[in-house]
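Breakdown of the fold
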Amino acid sequence: MSTITVHERAAAQAYLRLLESTRAVLTDPGLAPYAGVMLTRPMAEADRALRAAGLAGNEARLLRLVSALRASPPTSRDRTG
């Protein structure tokens, strides 16, 4: 696999945040009815990041990037403080 660009990494991270947010909302019966409202921001963020990275409509590439990101140990740059 080629080197991951800054935009690709941001898109993969935004996708993972959306995935984790979705899981959190849908596993809580009290929050599930509000999923649409609660997930609007993470969906918009992921959509913008995918477009910026040229990954909109390229799910295979996105999922390879997500897998690579998950497989690699986090660096200090990956952590937000």
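A separate point is the environment of leucine 62. Among the structural elements, leucine 62 can be located in helix α4 (residues 59-71). Judged by its relative accessible area of 7%, leucine 62 is buried. Along the primary structure leucine 62 and arginine 9 are separated by 53 residues, whereas in three dimensions their C-alpha atoms are 9.5 Å apart. Apart from residues lying up to four places away in sequence, leucine 62 is in contact with Ala11, Ala12, Tyr15, Leu50 and Leu55.

Another point: the packing of helix α1 (residues 6-27) against α4. One can describe the packing of α1 onto α4 by two numbers: an axis separation of 9 Å at closest approach and a directional angle of 85°. As judged from the angle between their axes, α1 and α4 are roughly perpendicular. Residues Glu8, Arg9, Ala11, Ala12, Gln13, Tyr15, Leu16 and Glu20 of α1 form the contact with α4, whose participating residues are Arg61, Leu62, Leu63, Leu65, Val66, Leu69 and Arg70. Per-class residue counts for the contact of α1 with α4 are nine nonpolar, one polar and five charged.

Here the focus is the pattern of salt bridges. By the definition in use, this model includes four salt bridges. Among the ionic pairs, glutamate 45 bridges to arginine 17, the shortest N-O distance being 2.4 Å. Here glutamate 45, found in helix α3 (residues 40-52), pairs with arginine 17, found in helix α1; they are 28 residues apart in sequence, far enough to count as distant. Exposure remark for glutamate 45: the relative accessible area of 28% places this residue in the partly exposed category. Close ionic contact of glutamate 20 with arginine 70 constitutes a salt bridge, the shortest N to O distance being 3.2 Å. Taken together, the residues glutamate 20 in helix α1 and arginine 70 in helix α4 connect sequence positions 50 residues apart. In this structure glutamate 20 comes out as partly exposed when scored by relative accessible area, which is 43%.

Conventions adopted
- Residues numbered from 1 in each chain as written.
- Predicted model: local features only at pLDDT ≥ 70, side-chain atom pairs only at ≥ 80, totals over all residues.
- Heavy atoms only, no water.
- Helix = DSSP H or I, 4+ residues; strand = E, 2+ residues; numbered from the N terminus.
- Buried < 20%, exposed > 50% of the residue type's maximum accessible area, 1.4 Å probe, protein only.
- Contact = heavy atoms within 4.5 Å.
- Axes fitted to C-alpha atoms, helices over the stretch in contact; angles between N-to-C directions.
- Parallel < 35°, antiparallel > 145°, perpendicular 65-115°, else oblique.
- Nonpolar A, V, L, I, M, F, W, Y, C, P; charged D, E, K, R; others polar.
- Salt bridge = Lys/Arg side-chain N within 4 Å of Asp/Glu carboxyl O.

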